[in-house]
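# Chain and residue survey
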Amino acid sequence: MIENNGRIIVVDDTPANLHLLSNLLEERDYEVRAFPSGKLALMGMKNFLPELILLDITMPQMNGYEMCEYLKEDEKWRDIPVIFISALNEIFDKVKAFSVGGVDYITKPVQAEEVLARVETHLQLFRLREMLQKTNFIQSQKLAQQNRQLKTLNQELEKANKELKEKYLQLEEAQLQLVQNEKMVSLGNLVTGIAHEINNPLGFIGGNVRVAQEYLQDLFAGLSLYQKHSHLDDEIVEKIEDLDLEFIVEDFPKLIASMQEGYDIIRNISTSLRTFARTDIEDKTEFNLHDGIDSTLLILKYRLKANENRPAIEVVKNYGALPLVKCYTGQLNQVFMNLLANAIDALDESNEGKTYPEIKNNPNCITISTQLSEDLQNAIVQISDNGTGMPEEVKARLFEQGFTTKGVGKGTGLGMAIANQIVREKHGGMISCDSRIGEGTIFTIIIPR
């Protein structure tokens, strides 16, 4: 008697993915064993024989392909269905997954409904195959019953496949949602820095307003006394001396000017935020790319400033004469944000192990250049840094969804993939990377006018 919906092993070296898949399956009453590596999973299978295996591909020591090949060589394990779950999304990866014995392939990030539908389908197929192997040409009545079950199962499979096809048609919309989600995550991470920039002008505005109020109270007191007396008697003279009216007359305009300066700073920050986000615009609109770059730099200003570990990062702007470009402004600003934030990360990584004077002698620098193409049909933006650069194998995978060189919890692997999607698919443009070890990295964006 089956006490649960099925026995499943999940193998993934990423704790977050392992936790997500385990919880999802356990909520549907599956008996789950989770392992962070292929070798541990093979050891665990000696005491727990699964009916299905969800297997990641990219893992240290033994990758998913190697584990699947090992299973298929062993008679007691070869019939267990293996569903690959991976961020790798190339045809080559999928073909290889099926060639080593996988029965299905799910691309990360996973959709819960898709995982459950495929798990249920392949568990049913596995159990049916097991049942057929055990019965082995049973009586014709039972065979007819099994044929009916097969027919029903085929109908369910057709229904499941139809639903899966519909989900695939929705992937492009889901990708666009990922763009928005990534932008919101970036904005959230920047709140602390922006708040720091806003607090300074707010502080001296608040202090000056209090002083201004005191000045006004003193002035009103003096005017009140003047109204009571038709001539400047000793009391008025004494009060005027206490007020130091000459100083107030001299200092009050300076105080108001200081308040105005603080207000202007806040207004510029607010304007830059609106320019960066532009979430109220759904259609393409004519936009000054320099405004977008400048607003992004202002938002990132707190990361460019000097700190205890390094001097300020220098930003060199070589702006050419660019006309307005018709684009999705908010999305294009997100591309600038990803590239500039990555350049800062690259410079900070290149500073590791260096002393403050060493960095100061060879200062960190980001250079932004813009120009029109020779045929005047495209706007070209180049963002470069003088960091350590990146090797060819990293550069080759830079725009893959889910690929990141950052540590766990520091990168989603979506930023550059989304930037690539925005430039190529949404704007019909091009984005490329030229990087050399020890010299730095240059990103080039080409946007049709």
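See the structure printed just above.
Residues numbered from 1 in each chain as written. Predicted model: local features only at pLDDT ≥ 70, side-chain atom pairs only at ≥ 80, totals over all residues. Heavy atoms only, no water.

### Observations regarding the overall build of the protein chain
This is how the line gets drawn: Counting from the N terminus, the helices are the DSSP runs of H or I reaching at least four residues and the strands are the DSSP runs of E reaching at least two. Relative accessibility decides the category of a residue: with a 1.4 Å probe and only protein chains considered, values under 20% of the type maximum give buried, values over 50% give exposed, and everything between is partly exposed. Residues are treated as being in contact if the distance between any of their heavy atoms lies within 4.5 Å. To be clear on the numbers: accessible area is Shrake-Rupley with a 1.4 Å probe, and residue cover counts the displayed protein chains and nothing else.
When helices and strands are counted, the protein chain shows 15 helices and 12 strands. Looking at the protein chain as a whole, 39% of its 449 residues qualify as buried. A sequence separation of at least 24 residues applies to 68% of the contacts in the protein chain between residues at least 6 apart. For the protein chain, the accessible area works out to roughly 25,900 Å², and carbon and sulfur atoms hold 51% of it.

### So, the nonpolar core
Rules: Only buried Ala, Val, Leu, Ile, Met, Phe, Trp, Tyr and Cys residues count toward a nonpolar core, and they belong to the same one when joined by side-chain atoms within 4.5 Å.
In this structure, Leu289, Phe336, Ile366, Ile383 and Ile445 are the most contacted members of the largest nonpolar core, which totals 38 residues. Secondary structure elements with two or more residues in this core: helix 10 (289-299), strand 8 (325-327), helix 12 (329-350), strand 9 (365-372), strand 10 (378-385), helix 15 (415-426), strand 11 (430-436) and strand 12 (440-448). Per-element accounting of this core gives the leading share, nine residues, to helix 12. Excluding residues that lie within four positions of it along the chain, Ile383 makes contacts with Phe336, Leu339, Leu340, Ile366, Thr367, Ile368, Thr441, Ile442 and Phe443.

### Observations concerning unusual backbone geometry
Cis geometry is found at the peptide bond from Lys108 to Pro109, where omega equals -5 degrees. Looking at the element boundaries, Pro109 is found in the loop between strand 5 (104-107) and helix 5 (112-135). Phi angles above zero are rare outside glycine, and Asp29 is one such case at about 65 degrees. The topology assignment puts Asp29 in the loop between helix 1 (15-27) and strand 2 (31-35). Even without a glycine there, the phi angle at Gln61 is positive, about 65 degrees. One can find Gln61 in the loop between strand 3 (52-55) and helix 3 (64-73).

### Some words on the sheet that holds strand 9
For the record, the criterion: Note: two strands are recorded as paired if DSSP finds a minimum of 2 bridges between them. Axis definition: a line fitted to C-alpha atoms, limited for helices to the stretch in contact. Angles are taken between N-to-C directions and run from 0 to 180 degrees.
Sheet architecture is open: five strands sit in the order 7-9-10-12-11, paired in mixed fashion. Only two strands of the sheet have a single partner each, and these edge strands are strand 7 (314-318) and strand 11. Each strand axis lies, on average, 15 degrees off the axis of its neighbour in the sheet, ignoring direction. As paired elements, strand 11 and strand 12 share seven bridges and run antiparallel to each other. If you follow Arg436 over to strand 12, its bridge partner there is Gly440. The strands touched by helix 10 are strand 7, strand 9 and strand 10; relative to strand 9, the strand with the most contacts, the crossing angle is about 165 degrees.

### A look at the packing of aromatic side chains
As a reminder of what qualifies: Geometry of aromatic contacts follows a simple scheme: Phe, Tyr and Trp rings, the Trp one being its six-membered ring, pair when their centres are within 6.5 Å, and the pair is stacked under 30 degrees between planes, edge-to-face over 60, tilted otherwise. We call a charge positioned above a ring when the Lys NZ or Arg CZ atom is no farther than 6 Å from the ring centre and deviates by at most 35 degrees from the ring normal.
Inspection of every chain in the model, using the stated rule, returns one aromatic pair. When the centroid spacing of 5.8 Å and the interplanar angle of 50 degrees are considered together, the rings of Tyr65 and Phe84 count as tilted. With a gap of 19 residues between them, Tyr65 in helix 3 and Phe84 in strand 4 (residues 82-86) connect regions that are remote in the sequence. Tyr65 sits in the buried class, given a relative accessible area of 7%. In this structure Phe84 comes out as buried when scored by relative accessible area, which is 0%. One Lys or Arg, Arg33, reaches over the ring of Phe48 and ends 4.4 Å from the middle of that ring.

### As for helix 12
Just so we agree on the cut-off: Given the number of residues in a helix, its expected span is that number minus one, multiplied by 1.5 Å.
The first and last C-alpha atoms of helix 12 sit 32 Å apart over 22 residues, in line with the 32 Å expected at 1.5 Å per residue. Within helix 12, 18 of the 22 residues are buried, which leaves it mostly tucked inside the rest of the structure.

### A few points about the pairing of strand 9
Pairing of strand 7 with strand 9 involves five bridges; the strand directions are parallel. Across the sheet, the residue bridging to Glu314 is Cys365, located in strand 9. Here strand 9 runs beside strand 10; their pairing, made up of seven bridges, is antiparallel. Following the sheet pairing, Thr370 is matched in strand 10 by Val381. Once strand 9 ends, the chain turns through five residues before running back antiparallel as strand 10, passing Leu376 with a positive phi of about 65 degrees.

### Some words on the environment of Glu308
The residue Glu308 is located in the loop between helix 11 (301-304) and strand 7 in this model. In this structure, the C-alpha to C-alpha distance between Glu308 and Tyr356, residues 48 residues apart in sequence, is 8.2 Å.

### Things to note about the side chain of Glu51
We count it as follows: Side-chain atoms alone can form a polar contact between residues adjacent in sequence; in general such a contact is a pair of N or O atoms within 3.5 Å, and within protein one must be able to donate a hydrogen while the other accepts it.
Here Glu51 shows up in the loop between helix 2 (38-44) and strand 3. According to the relative accessible area criterion, Glu51 is buried, its value standing at 8%. Of the polar contacts made by the side chain of Glu51, one reaches the side chain of Arg127; its length is 2.9 Å.

### A look at the sheet that holds strand 3
Two pairing modes exist for strands in a sheet, parallel and antiparallel, and in both the strands are linked by backbone hydrogen bonds. Spatially, five strands are ordered 2-1-3-4-5 in an open sheet, and the strand pairing comes out parallel. Edge positions in the sheet fall to strand 2 and strand 5, since each has one partner strand and no second. The sheet shows a mean angle of 20 degrees between the axes of neighbouring strands, direction not considered. Note that strand 3 and strand 4 share three bridges and pair parallel. Pairing of Leu55 across the sheet is with Phe84, part of strand 4. Packed onto the sheet, helix 1 meets strand 1 (7-11), strand 2, strand 3 and strand 4 and runs at close to 175 degrees relative to strand 2.

### A look at the side chain of Asp56
Here Asp56 is to be found in the loop between strand 3 and helix 3. Take Asp56: its relative accessible area is 5%, and that puts it in the buried class. At 3.5 Å, the side chain of Asp56 forms a polar contact with the side chain of Lys108. Ignoring any residue separated from it by four or fewer positions in sequence, one finds Asp56 in contact with Val11, Asp12, Asp13, Gly64, Ile85, Ser86 and Lys108.

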